[in-house]
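Fold and contact review
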Amino acid sequence: MKTFAQYYWEILFHPRRTFDELLTDHHRLKFGIIALSISVILYNLVYIFLTIGGGAPSSFTPWLNIPKETYYFYDRFILAPSMFGCWILSAGLAQLLSRIFKGRGSFEDTLSVLGFAIGISVLASLAHDLPDSFLGAIGVLDLKQYEVVLNSPTIWRVVLWVLYFSSLGLFLFLFPKAIGAPQKIKPAPAILVGWLSFFLYQITFLVFNR
């Protein structure tokens, strides 16, 4: 059996084969939880750094009736339960929809692989959010001004969108691979189920974190 680090690394290059190998490992669910938890912890650090640096969203107004200046403070407590909740919800939808196409994987198997798919997909957006928020926390960046820069036609907005679209691309690529491995369904249904499950994940995450 492989170590967690080996699975994590190899999914980036050989996702379907690595997912198949992961499903034979009795630690698969534990590893899936760890993979997701890494990104949860890193994104919590982003919000902690944004709170320390006095950051505030400039391109949207929070749905909660709170000042923009405290949005990141409260989001520190919302992020973890929302990511884990969205993970379970999207896995549940994938499990149900796969049955239409004669999927035969277990819910535990689906959770395991989706933990990796979600955890790895957000790494691209973290490549922007984590270092920039850290620089804001230590006073190198003025986070409020930087928010304005990110919403203006600058090279930094280009970098932001390249990394965010890379994250979206990883989600759309890895979710079908993650569904196809445990359910053993054909590629077209795996894409359909994977994308619908990702859509549910993203919409629910947006509702909780906006």
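The rules behind these values
- Residues numbered from 1 in each chain as written.
- Predicted model: local features only at pLDDT ≥ 70, side-chain atom pairs only at ≥ 80, totals over all residues.
- Heavy atoms only, no water.
- Core = buried A, V, L, I, M, F, W, Y, C linked by side-chain atoms within 4.5 Å.
- Buried < 20%, exposed > 50% of the residue type's maximum accessible area, 1.4 Å probe, protein only.
- Helix = DSSP H or I, 4+ residues; strand = E, 2+ residues; numbered from the N terminus.
- Contact = heavy atoms within 4.5 Å.
- Salt bridge = Lys/Arg side-chain N within 4 Å of Asp/Glu carboxyl O.
- Lys, Arg positive; Asp, Glu negative; His and termini not counted.
- Axes fitted to C-alpha atoms, helices over the stretch in contact; angles between N-to-C directions.
- Parallel < 35°, antiparallel > 145°, perpendicular 65-115°, else oblique.
- pLDDT = per-residue confidence, 0-100.

A closer look at the nonpolar core
- Counting residues in each nonpolar core, the largest one holds 47 residues, and the members touching the most others are Phe19, Met83, Leu114, Phe116 and Ile118.
- Mapped by element, the contributors of at least two residues to this core are α1 (4–11), α2 (15–22), α3 (28–52), α4 (71–100), α5 (107–121), α8 (155–183) and α9 (187–209).
- In terms of residue count, the dominant contributor to this core is α4 (ten residues).
- Residues contacting Phe19, with those up to four places away along its chain left out, are Ile11, Val113, Phe116, Leu174, Lys177, Ala178 and Ala181.

Quick look at the pattern of salt bridges
- Enumeration over the complete set of coordinates arrives at six salt bridges.
- Residue Asp20 pairs with Lys184 through a salt bridge whose shortest N-O separation is 3.5 Å. In this pair, Asp20 is assigned in helix α2 and Lys184 in the loop between α8 and α9, connecting sequence segments 164 residues apart.
- For Arg28, the salt bridge is made with Asp109, and the minimal N-O distance between the two is 2.5 Å. Residue Arg28 is found in helix α3, and its partner Asp109 is found in helix α5; the two are separated by 81 residues along the sequence.
- Taking relative accessible area as the criterion, Arg28 reaches 18% and is therefore assigned buried.
- Salt bridges here are not isolated pairs; linked through shared partners, they connect Lys2, Glu10 and Glu21.

Here's the deal with the side chain of Asp75
- Among the structural elements, Asp75 can be located in helix α4.
- Although buried, Asp75 forms no salt bridge, and the nearest oppositely charged side chain, Arg76, lies 9.3 Å from it.
- Those residues in contact with Asp75 that sit more than four places away from it in its chain are Tyr47 and Asn209.

Describing the packing of helix α7 (residues 143–150) against α8
- In contact at an axis separation of 8 Å, α7 and α8 are set at 80° when each is read in the N-to-C sense. What the angle tells us is that α7 and α8 run roughly perpendicular. Counted together, Tyr146, Val149 and Leu150 of α7 and Trp156, Arg157 and Leu160 of α8 form the full contact between these two elements.

Notes on the confidence of the model for the chain
- Counting all residues, the mean pLDDT for the chain is 90, and 96% of those residues have values of 70 or more.
- For the chain, α7 is the element with the lowest average pLDDT, namely 79, and α5 is the one with the highest, namely 96.

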